[in-house]
Each structure stands twice: as C-alpha cells, then as structure tokens.
Amino acid sequence: MKRSCLSPPSDTAVHLLGLLIATLLRLLGATWRLETRGLEPLSKLLADDRRVLLVFWHGGYLPLFPLLRGHKAAILTSDSLRGRIIMEICRRFGYQGMILPGNNHTSAQALRQIAVTAGKAIALAADGPLGPARRVKSGAVRLASDLAFVIIPAATVGRHQWTAWRRWDHMSLPVPFTRVALIFGEPIHVPTGLGGPGIRDWETRISSALEAAHRTAAQQVGRAAHTMAEPPPLLTPMADEERNNVSRPPHFTAHALQSWFIGLALIAGIIAVGTHLSELEAFLELAQNARPRWLLIALALQLLTYVLVAGIWHQAFRGAHVHIRLGTLVPLGVAKLFSDQALPSGGASGTGFLVAALHRRGIPMAPCMAVLLLGLVSYYLAFLLMAVTSLILMWHYHALEPWVMALTGLFALVALLIPAGAIGLQLRGDRMLPSFLSRWPRIKRLLDDAVHVPLDLVRSPLLMVRVTLFQIAIFVLDAATLWVLLHAIGLEVSFWVALPSFVMASIAATLGLVPLGLGTFEATCLVMLNLLGVPLEAALTATILLRGLTLWLPMLPGLWFVRRALA
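Below is a short write-up of the structure.

Reading the values: rules and limits
- Residues numbered from 1 in each chain as written.
- Predicted model: local features only at pLDDT ≥ 70, side-chain atom pairs only at ≥ 80, totals over all residues.
- Heavy atoms only, no water.
- Phe/Tyr/Trp six-rings, centres within 6.5 Å; stacked < 30°, edge-to-face > 60°.
- Helix = DSSP H or I, 4+ residues; strand = E, 2+ residues; numbered from the N terminus.
- Lys NZ or Arg CZ within 6 Å of the ring centre and 35° of its normal.
- Axes fitted to C-alpha atoms, helices over the stretch in contact; angles between N-to-C directions.
- Parallel < 35°, antiparallel > 145°, perpendicular 65-115°, else oblique.
- Left-handed = near helix turned anticlockwise from the far one by under 90°.
- Contact = heavy atoms within 4.5 Å.
- Buried < 20%, exposed > 50% of the residue type's maximum accessible area, 1.4 Å probe, protein only.
- Pairing = 2+ DSSP bridges.

1. Thoughts on the packing of aromatic side chains
Okay, step 1: Applying the stated criterion across every chain yields a total of 12 aromatic pairs.
Okay, step 2: Here the aromatic rings of F65 and Y95 are separated by 6.3 Å at their centres, their planes lie at 45°, and the arrangement is tilted. Placement of F65 in helix α3 (residues 64–67) and of Y95 in the loop between α4 (81–93) and β4 (96–100) is noted, with a sequence separation of 30 residues between them.
Okay, step 3: R26 extends its terminal NZ or CZ atom over the ring of F93, reaching a point 4.7 Å from the ring centre.

Here it is as structure tokens:
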C-alpha cells in the first residue's frame, strides 16, 4: 500500500537526517579551538555520585553535542518531529535521549520518573522547548527541589558564529576553525519543598547564572555579549594578528554555513519523497542487504581517484621540471576535494588552498600556478567531454529531456568561460578586471603572480592529452563507484546508465551554490537514475551510499589534511 503524502516522515528519514546532522556537528567540532572553564566542580559532583542537572539556553544546544561527547547524560526533548531527530542525534553521540509528553501536567510527572531512571546527569534547555527565549521554566527548579539535583549552568559562544535571528531562540552555531568557549557556572543548590513564590525566585537566580556564564564565554573568546533584542554582526571582526595570518585554513562565512543547512533540508526532502513514493520495506531491505564485497570494491575505486588526482599534479610538475613525490601529493588531493566542495567556487577555493600548501613546501609560485592552470583547463575539458558523452548515451536510451540539454548547455558555457578567463587573466593581467579590484593588496599580488605564469604546460599537446585522460579516468571511476553500489544492493544495470547519471548530478552540483553539492547532487542523481529505468528506492539507496563514500567518508581526513598542510 502506498503511503499518503500527508503521513509523518518515516523512521528511516529521521534516522538518515539525524545521521547527517550528527556528522556535520562532528566535523565542525573537530575544527573548533575549545577553551573550557569551570569543569572541575562538575567533575567533582559526578565523582561524588551527586545528581547533576545541566541547564543551558535553547539557542545554544547544538554545539553541546560534540563538545560534551564522552560524558554520560540523559537529554530531554519534546514529543515532536524535531524531538525525534534530536533523539537520533543523541544516539549518534552516545547520549541517552528521552522524549517528554506534550501537556504540562504529564510532563512534570514524566520528568520526575525519567530523573529517577536516567542516571546521575540530565541536560535540559531551561527555556525550552518553545520559549519564551531566555526565560527559565519551572520544570528545572521543581526537578532540582524534588529530587535533590544540583544545577550547573552552561554556555557556549564562538568567536565567529552564525546566528538564526529569525528563530525564537536565536540559535547560534560557531563557524569552523574558530575559538569556542564552553563555560560552566558555579553549582546551584536548590532547597527542597519549594512552593510558588520560592520557585519564581530560583527561576530568576538560575536565569542570572546562565546570563553570567554567557557573558563569561563571550569575554573568553573576545566577542561582545548582546541581548536578545540587539542582533550583533554575524561575524565579529578579526583581531589584527588574525587578519594578517594569510596561512589560515579555508574560512567559512555565515552565508556558507546557512547554505549547509539549506542543503541538509534538501536532502531531507529527497529522502521523504523517496520513502513516501516507495515501499518502506523494500527500501530497508535494499539498504540492509548490501553486499560487503561490492562495497569494498567501491571503496577501492574511490581511493584510486585520489591517486589519479595526485598523478595529474605529478605529471604536470615533471613537465615543469619540479621534483615532488607522488605520496606527498595524495593527501593534498583529499584536502583539495574538501576545499572545493565546502566552498563552491568552480574550483577556485581548492586551487587557492593547493597553491598555499605547495608554496609552503618551497615550490616557487610560478610552477605552482602553471600546474594548476593545466589542471583547471584539463579538468573542464574532460568534464565537457563526459557531458557530451552523457548526452549521446541519453539519446541512445531515448531519455534526452529538454531540461537535461539546458543544464548541459549552461554548464558548457561555464566550462569554456572559466579556463578561458584563467588564460586571459595570464595574458592580460589586471586589464580584464575592474580597476578597483587592483587596489586590494591580496588581489594585486594574485594578479601579479598570474601574469608571470608560463603557458608552456598548457601549450604542450602531449602533456595536455595525458592529464586530460587522467581527468576522464577519475570521472569513469566515480561513475563506476555508482555502478558498483547499484550491484551491491542487488540491481543489475549497465555501466552506461550509471555514467550519465553521475555526470549530470556532478554538473548540477557544480552549477549550484550549495556547499558540498548538498541536495542538488542527490536530487539530480535520483532523477537521472529513475529516468533511465532504475527503481526509485534503489536509486535513492545507491545515491546515499555513493555520497557516503565520495563525500562524508573523506570529509574528516580532508579537514585534517587542510590544517596539517597549512600548519
């Protein structure tokens, strides 16, 4: 029986969305420079087997997932879709998630029952789940008074952070690579047997303690504390020494972080549509019965793509008479992938990272820029050839839709303009750009470097053919990974079905502005596979497995290699 389009999201969609958000939080947390204060009293209370109630403002709960990882705690949440997703995130971080019923009377009883069985530590948003913002609810006070919990206020603030000012709680999330302060206030011992006036008095005390912890956290990282009514700038200006540090890893803006969440929402919608249109049982069976041997083959294919990326640079440096080991370039390939996908810019972000990393290894700027120019031209040449091949295959399968031709035409324009612009910049320098850009010191230095890039590598037909074949091989391996994953879930399809599906999805991700191609790649790949005869549930499963291997699995090594390369 088909599911109604009005039915609630399936457990599978909740699990996958929880996994994606937990993965994102893990990756962000791995980049933060954490500064902690006030942890000793909390550790002593737990060591003395005392019951602890950790309270915080609802707008700051997201950073706590990775920051408190490893501590055993029960996290209370509401009985809603958001609560189910939070439960899944808790499970991924090793916390005990607990859902409270909706009405206030039942919630108070359930809160006491949960407190008895939850263990020594409970975490609770003092103003949650629906506000008003930064106004302590009575539940925390009653729990501490009735069951002898010691209240510990907690606050997190990032030096640079994204804030959702349109949300009721002004939810904040620190950007990657920033300083983050985690502050625990002094323990609050609430007396037993409190009544109405006493509860309100302690609500005020807890609120003051939370605000004090928030101010301390802001001061710790050098960020001004703001009230709920006065939104600060999204990104606090950097200090002079930070601004002058040109070797920092790629920096995420508030707009980039917002795009991450837009992409995650797109993925959630795709999963929901797929599971509503298909039998949930069939989807679960495909996901659970994936053949391990085929998954290992897919992983091996992906590892080979990084070797080929390094091989392209190795061949190019040999042509420029610069000697560098292939093994040195392989980790840089993983890091460049992260930079390119995390900051979509037609390859410019990854190129900038690679130039900085190679230059720090003593390689002169001129051969670095020449190698990257060769890589840029050969990449878009190979991409364009694969796009044309995909159109021919779709015409062969009688699946050539107008929107596919329009998408390919737009990409062809981009694929021709970017290399032409790079070569034109080398030939004409700052005459191609508005004069005001040349007044910027960093852009001026970049233009000066570009003007002196030798074109010998690009003009070498043999070298260009060789590296373009390497680029084509990478596309073939990525498409082969999708083909292998379809076999892993028991679907026998032709490789020539997987190839145009992957290429068109890559085109959509390239043209889109969402970091990592979140949502755009998945949607296009799902539509293309289904258009070429692959059942929707199988297409969804294979696409999610592909993104896990090509995107999420290399993400943490990519972050680590970026920091290591620029350290």
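There is more to say after this.
2. Considerations on the packing of helix α14 (residues 365–396) against helix α19 (residues 495–511)
Okay, step 1: The interhelical angle for the contact between α14 and α19, taken along N-to-C directions, is 130°, at an axis separation of 9 Å. It follows that α14 is oblique to α19 by the angle criterion. Judged by the sense of rotation from one axis to the other, the crossing of α14 with α19 is left-handed. Where α14 abuts α19, its residues F383, M386, A387, T389, S390, L391, L393 and M394 lie against W496, L499, P500, V503, M504, S506, I507 and T510.

3. Here's the deal with the environment of L469
Okay, step 1: Position of L469 relative to the elements: it lies in helix α18 (residues 461–488).
Okay, step 2: Along the backbone, L469 and Y379 are 90 residues apart, and their C-alpha atoms lie at a distance of 9.6 Å.

4. Quick notes on the pairing of strand β3 (residues 74–78)
Okay, step 1: With 5 of its 5 residues buried, β3 lies for the most part within the structure.
Okay, step 2: In this sheet, strand β5 (residues 121–125) lies alongside β3 in parallel orientation, the contact comprising 2 bridges. In the strand pairing of β5, A74 is matched with I122.

5. Things to note about unusual backbone geometry
Okay, step 1: You will see that D49, though not glycine, has its phi angle at about 65°, which is positive.
Okay, step 2: By secondary structure assignment, the location of D49 is in the loop between α2 (39–47) and β2 (52–56).
Okay, step 3: D49 sits in the exposed class, given a relative accessible area of 55%.
Okay, step 4: Positioned with a positive phi, R134 is a non-glycine residue whose angle comes to about 55°.
Okay, step 5: Looking at the element boundaries, R134 is found in the loop between β5 and α6 (138–147).

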